[in-house]
Amino acid sequence: KACPELAALGDELLDAISDASLIALHILVVRSRGSTEMDVCRREHVQLLDSAVFETLLDWTSEDLQMLTGSKWAMVAQACRQDITDEFAELEEVLGEFLQTHAISNDSFLWAHRVLISRSLQFFMDDGSVLYLLGPGQDMFNHSVDVPHGFDDVSLCKCENTGHRSLVIR
């Protein structure tokens, strides 16, 4: 929500958009800025994500998903893809000019959600919210057999002095 382009939309509108979709929109705004993005780390990270080859169940065709017949994943993949498409259609009605300004299409919105599915870490917080973490380097954790895992290996800590959260990897 701190992204100036998103913040300009207003809190009422932003509060109605899911956290995952806000992150997806932010990724796409950074991508649309291209070389004009002032935050070099963000720019290079989004460029890396843009050039990465990855696959999620959202990429599978109906024929591919038939292999999963009888499992919940066959239905989940189709329902998730439809939810993202439906959400984009709703956003398009309200944010049409914003989406056009930043070259955000249904395909790019789906791509950004695929990035989150493939590359983000999600922490389920005590208040019931979900904290998404998508940082350079961290986004490859689930793509290596050597990464630490479990409650003792990867955790989210909060600094008592500043209140800032940090990802701790042991």
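Residues numbered from 1 in each chain as written. Predicted model: local features only at pLDDT ≥ 70, side-chain atom pairs only at ≥ 80, totals over all residues. Heavy atoms only, no water.

*Asks:* I'd love a proper account of the pairing of strand β2 (residues 130–133), names of residues and values included.
*Replies:* Every other side chain in a regular strand lies on the same face of the sheet, so the side chains alternate between the two faces. Bridge count between strand β1 (residues 121–124) and β2: four bridges; the pairing is antiparallel. Considered in β2, the bridge of L121 is made with L133. Hairpin connection, β1 to β2: the antiparallel pair is bridged by five residues, and G128 has positive phi, about 95°. (Pairing = 2+ DSSP bridges. Helix = DSSP H or I, 4+ residues; strand = E, 2+ residues; numbered from the N terminus.)

*Asks:* Tell me what's going on with helix α3 (residues 19–33), and back it up with residues and numbers.
*Replies:* Over its 15 residues, α3 runs 21 Å from end to end, which matches the ideal 21 Å to within 8%, given 1.5 Å per residue. In this structure, the buried residues of α3 make contact with α1 (4–7), α2 (11–15), α4 (40–51), α6 (72–101), α7 (106–119) and β2. Of the residues trailing α3, G34 is marked for its positive phi of about 55°. (Expected span 1.5 Å × (residues − 1). Contact = heavy atoms within 4.5 Å.)

*Asks:* With reference to specific residues and values, describe the nonpolar core.
*Replies:* Among the nonpolar cores identified, the biggest contains 29 residues, and L25, L91, F98, L99, I104, F109 and W111 are the most heavily contacted of them. Among residues more than four places away in sequence, those in contact with L91 are I17, L25, G96, L99 and F109. (Core = buried A, V, L, I, M, F, W, Y, C linked by side-chain atoms within 4.5 Å. Buried < 20%, exposed > 50% of the residue type's maximum accessible area, 1.4 Å probe, protein only.)

*Asks:* For a negative patch on the surface, give the residues involved together with the corresponding values.
*Replies:* Together, D83, D86, E90, E92 and E93 give the surface a local cluster of negative charge. Positionally, D83 belongs in helix α6. (Patch = residues over 30% accessible without salt bridge, like charges linked within 9 Å, V, L, I, M, F, W, Y side chains within 5 Å. Areas by Shrake-Rupley, 256 points an atom, 1.4 Å probe, with all protein chains shown as cover. Salt bridge = Lys/Arg side-chain N within 4 Å of Asp/Glu carboxyl O. Lys, Arg positive; Asp, Glu negative; His and termini not counted. Charge placed at Lys NZ, Arg CZ, Asp CG, Glu CD.)

*Asks:* I'd like to hear about the pattern of salt bridges, residue by residue, with values.
*Replies:* Per the counting criterion, the structure on display carries five salt bridges. In this structure, E5 engages R33 in a salt bridge whose closest nitrogen and oxygen atoms are separated by 2.4 Å. Of this pair, E5 sits in helix α1 while R33 sits in helix α3; the two residues are 28 residues apart in sequence, bridging distant segments of the chain. What makes E5 partly exposed here is its relative accessible area of 23%.

*Asks:* Please set out the packing of aromatic side chains residue by residue, giving values where relevant.
*Replies:* For the structure on display, the rule yields one aromatic pair. Between F88 and F109 the ring centres are 5.5 Å apart and the planes differ by 45°, which places this aromatic pair in the tilted class. Remark: F109 occurs in helix α7 and F88 occurs in helix α6; sequence separation between them is 21 residues. By the burial criterion, F88 is buried, and F109 matches it. In this arrangement the basic side chain of R31 is found over the ring face of W111, its NZ or CZ atom lying 4.4 Å from the centre. (Phe/Tyr/Trp six-rings, centres within 6.5 Å; stacked < 30°, edge-to-face > 60°. Lys NZ or Arg CZ within 6 Å of the ring centre and 35° of its normal.)

Any functional reading would require information beyond the geometric quantities listed.
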